[in-house]
Amino acid sequence: MKIKSLEPFILHLPLTSASISDSTHSITHWGVVGVAITTTDGLTGYGFTGTHAHLASDRLITACIRDCYAPLLIGEDANDHQRLWTKLARYPSLQWVGRAGITHLALAAVDVAIWDLKAKKAGLPLWAYLGGARTDRLEAYNTDIGWLSFSLDDLLSGSARAVEEDGFTRIKLKVGHDDPNADVRRLAAVRKRLGPDIRIAIDGNGKWDLPTCLRFCERARDLDIYWFEEPMWYDDVESHRLLARSSTIPVALGEQLYTVDAFRSFINAGAVAYVQPDVTRLGGITEYIQVADLALANRLPVVPHAGEMSQVHVHLSYWHPASTILEYIPWIKDHFEEPADVVDGVYKRPEKPGAGTTVLADSFARFGKSLG
């Protein structure tokens, strides 16, 4: 399965709302930035990272794939995923300017495409290629109803619809107002509307500092919050450790961590309870597995962040024994041959060969962007 060509691509796909905001970002589209890798035996594997659809920085990722990684991969055997991952991740000149950020996002796209090729070659969905599903039921939690930009009325109606009509028993709401009391009031209203049995997680997207988080957690302690995700600046291990020791609300994080070493720092410090790796931030599936195994060794649950909107993570979550539930944001699912669908709050298990990353031709035609 020799690698014949790498063709980078950029898609800017519209959201389910005209725009959304959390505490630190506002977007109107989601970027699917990646690569199609074709082998000499005619197979094509697709991999991508997720971005905020900022074309200038998206082009930096595709340039890294085209100009830096492609020359290192042409002619290589795509079966050798571990050797190829190491070749790219540890290439001296790229290591000097990378190890995170753009080079790692590009590496993620390439690595996912290689795993997609391997599973397609075997004629198996990725979860089966990796060794089989550890469960018949993977619960989803709905994030798309909880954006900070939604009014309280929209928040209440969307949460109720997700539970009462769509069958979700888990949701996630964004927090991060300048006045945390506003978030407490919104959470209290949703809890009252949904009742005590629905599990509600919250996500701060790194907005607040430690004193603000401590005050907020004290005021929210009777609302039965399932976890507090990214409460503070993403790399601040010590503040997360102190919050985890001081509050009964478990800490979740990981979407902004690029390496297994970063996860190890938080886990060793006792600063995280729910581990949230993302193939699009880590170096793809290869490094994701390292993080998931690290979490398992420390008896911590793995709940992937859906930066790739669950196309790959549904496979990994059905397979890996540390996985428990998976985020659901349906922005891009209908642009793939096999969408990451949820029925009655449970993810359908994928059945097509590959990693679920094969983009529809029509979506390339309608939403593709020039590489510059």
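For clarity, every value in this text was computed on a predicted model and none was experimentally measured.

Asks: Help me understand the overall build of the protein chain, please; the structure alone is not making it clear to me.
Replies: Counting its secondary structure elements, the protein chain contains 13 helices and 14 strands. Its C-alpha radius of gyration of 20 Å places the protein chain within 12% of the 21 Å reference for a compact globule of 372 residues. A principal-axis box enclosing the C-alpha atoms of the protein chain has dimensions of 60 × 40 × 40 Å. The buried share of the protein chain, taken over its 372 residues, is 60%. Long-range pairs, those at least 24 residues apart, make up 71% of the contacts in the protein chain between residues at least 6 apart in sequence. Of the roughly 14,600 Å² of accessible surface on the protein chain, 50% is carried by carbon and sulfur atoms.

Asks: I would appreciate a short explanation of the side chain of Gln276 in the present structure.
Replies: Note that Gln276 resides in the loop between strand E11 (274-275) and helix H11 (284-297). In this structure the side chain of Gln276 is engaged in a polar contact, spanning 3.0 Å, whose partner is the side chain of Glu229. Not counting chain neighbours up to four residues away, the residues in contact with Gln276 comprise Tyr141, Trp227, Glu229, Ala252, Leu253, Gly254, Glu255, Phe263, Val303, Pro304 and His305.

Asks: In this structure, what is going on with the UniProt feature "domain: Mandelate racemase/muconate lactonizing enzyme C-terminal" (unreviewed entry) in the protein chain? I would like to understand it.
Replies: Using the residue numbers shown here, the UniProt feature "domain: Mandelate racemase/muconate lactonizing enzyme C-terminal" (unreviewed entry) corresponds to residues 152-250. Between the C-alpha atoms that bound residues 152-250 there is a distance of 25 Å. The span itself is 48% helix and 15% strand.

Asks: What's the story with the packing of helix H10 (residues 260-268) against H11 in this structure? I'm lost.
Replies: Axes are the key here: two packed helices are described by the angle between their axes and the distance separating the axes. H11 packs onto H10 with a crossing angle of 15° between their chain directions and a minimal axis gap of 9 Å. Judged by the inter-axis angle, H10 sits roughly parallel to H11. As for how H10 packs across H11, the hand of that crossing is right-handed. On H11, the residues touching Val260, Phe263, Arg264 and Ile267 of H10 are Glu287, Gln290, Val291, Leu294 and Ala295. The residue makeup of the contact of H10 with H11, split by class, is 6 nonpolar, 1 polar and 2 charged.

Parameters at a glance
Residues numbered from 1 in each chain as written. Predicted model: local features only at pLDDT ≥ 70, side-chain atom pairs only at ≥ 80, totals over all residues. Heavy atoms only, no water. Helix = DSSP H or I, 4+ residues; strand = E, 2+ residues; numbered from the N terminus. Rg over C-alpha atoms; globule rule 2.2 N^0.38 Å. Buried < 20%, exposed > 50% of the residue type's maximum accessible area, 1.4 Å probe, protein only. Contact = heavy atoms within 4.5 Å. Areas by Shrake-Rupley, 256 points an atom, 1.4 Å probe, with all protein chains shown as cover. Polar contact = N/O pair within 3.5 Å; in protein donor to acceptor, adjacent residues only side chain to side chain. UniProt positions renumbered as here; feature names shortened; annotations may be inferred. Axes fitted to C-alpha atoms, helices over the stretch in contact; angles between N-to-C directions. Parallel < 35°, antiparallel > 145°, perpendicular 65-115°, else oblique. Left-handed = near helix turned anticlockwise from the far one by under 90°. Nonpolar A, V, L, I, M, F, W, Y, C, P; charged D, E, K, R; others polar.

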